[in-house]
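# Geometric and topological summary
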Amino acid sequence: MAKHLQTSRSSPKKTQIAYMAGLFDGEGSVDYAKRWGTSATNKKRYLFRRIRCEMSMTDYEVIKWFHQTLGFGRVWTKKVPEGLKPQWRWACGFHDSYKFAKQMLPYAIVKYEKLKQIIDHYDEGT
C-alpha cells in the first residue's frame, strides 16, 4: 500500500476524514428512504426505513484504505463485463451509517443533507 494511504490503529485524523468526505461526496451514495417490504414468515407487507451509505470505485487500494481507516463497514467486488476493471464497493448500514455520517458531516458538501437526515433520525430516537 502506498505510504500516503497507510493508516494507524488510532482514530482517523481530521485531514483523513476531510479527504474521505471529499471522496464520498464524489463517489458515494446515501440511501435514506422508506420502503415497503414483505415479511418472510407471515407474508405481510410493512413499511421499513432503509439507511445505508455506499461508495464504489475501481481502485481497490483506496476502498481498502477507506474501510481500514474507518474500521467498520464491508468491502466486496461487483462482477463486471469481461474486459472492464472490477468495481470495488464499501458500504455500511443503520447504526454504522450514523457513526459514518457524524464523522463526514462537517466536511460534506454534496451529501450534506442526506447525511444530516441519518443523524437527525437517530438523534430524535434518543
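In what follows, the structure referred to is the one given above.
A brief look at the structure comes next. These numbers come from a predicted model, not from an experiment.

## Quick word on unusual backbone geometry
- The phi dihedral of lysine 43 falls on the positive side, at around 60°, and the residue is not glycine.
- Turning to its location among the elements, lysine 43 is positioned in the loop between strand 1 (28-38) and strand 2 (45-57).
- A positive phi angle is found at phenylalanine 94, which is not glycine, with a value near 50°.
- For phenylalanine 94, the location among the structural elements is in the loop between strand 4 (87-93) and helix 3 (95-104).

## A few points about the packing of aromatic side chains
- For the coordinates displayed, the defined rule picks out eight aromatic pairs.
- With centroids separated by 5.8 Å and ring planes inclined at 65°, the aromatic side chains of tyrosine 19 and tryptophan 65 adopt a geometry described as edge-to-face. Highlighted residues: tyrosine 19 in helix 1 (residues 14-27) and tryptophan 65 in helix 2 (residues 60-70), separated in sequence by 46 residues.
- You can call tyrosine 19 partly exposed: its relative accessible area is 46%.
- Its relative accessible area of 3% is what places tryptophan 65 among the buried residues.
- For the pair tyrosine 60 and tryptophan 88, a centre-to-centre distance of 4.5 Å together with 55° between the ring planes defines the contact as tilted. Here tryptophan 88 lies in strand 4 and tyrosine 60 lies in helix 2, a separation of 28 residues in the sequence.

## Observations concerning helix 1
- If you check helix 1, its first and last C-alpha atoms are 20 Å apart, about what 14 residues at 1.5 Å a residue would give, namely 20 Å.
- All of the buried residues in helix 1 are Gln16, Ile17, Met20, Ala21, Leu23, Phe24 and Asp25.
- At its buried positions, helix 1 is contacted by strand 1, strand 2, helix 2, helix 3 and helix 4 (112-124).

Reading the values: the criteria
- Just so you know, the residues in each chain are numbered from 1, in the order the chain's sequence is written.
- With the structure being a predicted model, the display of local features is reserved for residues of pLDDT at least 70 and the display and counting of side-chain atom pairs for 80 or more, all residues being used for whole-chain, interface and lining totals.
- Working from all heavy atoms in the structure, the side-chain values ignore hydrogens and water.
- Only runs of H or I of at least four residues qualify as helices and only runs of E of at least two qualify as strands under DSSP, and these elements are numbered from the N terminus.
- Only the six-membered ring of Trp is used, alongside the rings of Phe and Tyr, when aromatic pairs are assigned; centres must lie within 6.5 Å, and planes under 30 degrees apart are stacked while those over 60 apart are edge-to-face, with the rest tilted.
- Classification of residues uses two cut-offs on accessible area relative to the type maximum, computed with a 1.4 Å probe and protein chains only: under 20% is buried, over 50% is exposed, and between them is partly exposed.
- Helix span, expected: 1.5 Å multiplied by one less than the number of residues in the helix.
- Should any heavy atoms of two residues lie within 4.5 Å, those residues are considered in contact.

None of this, on its own, says anything about what the molecule does.
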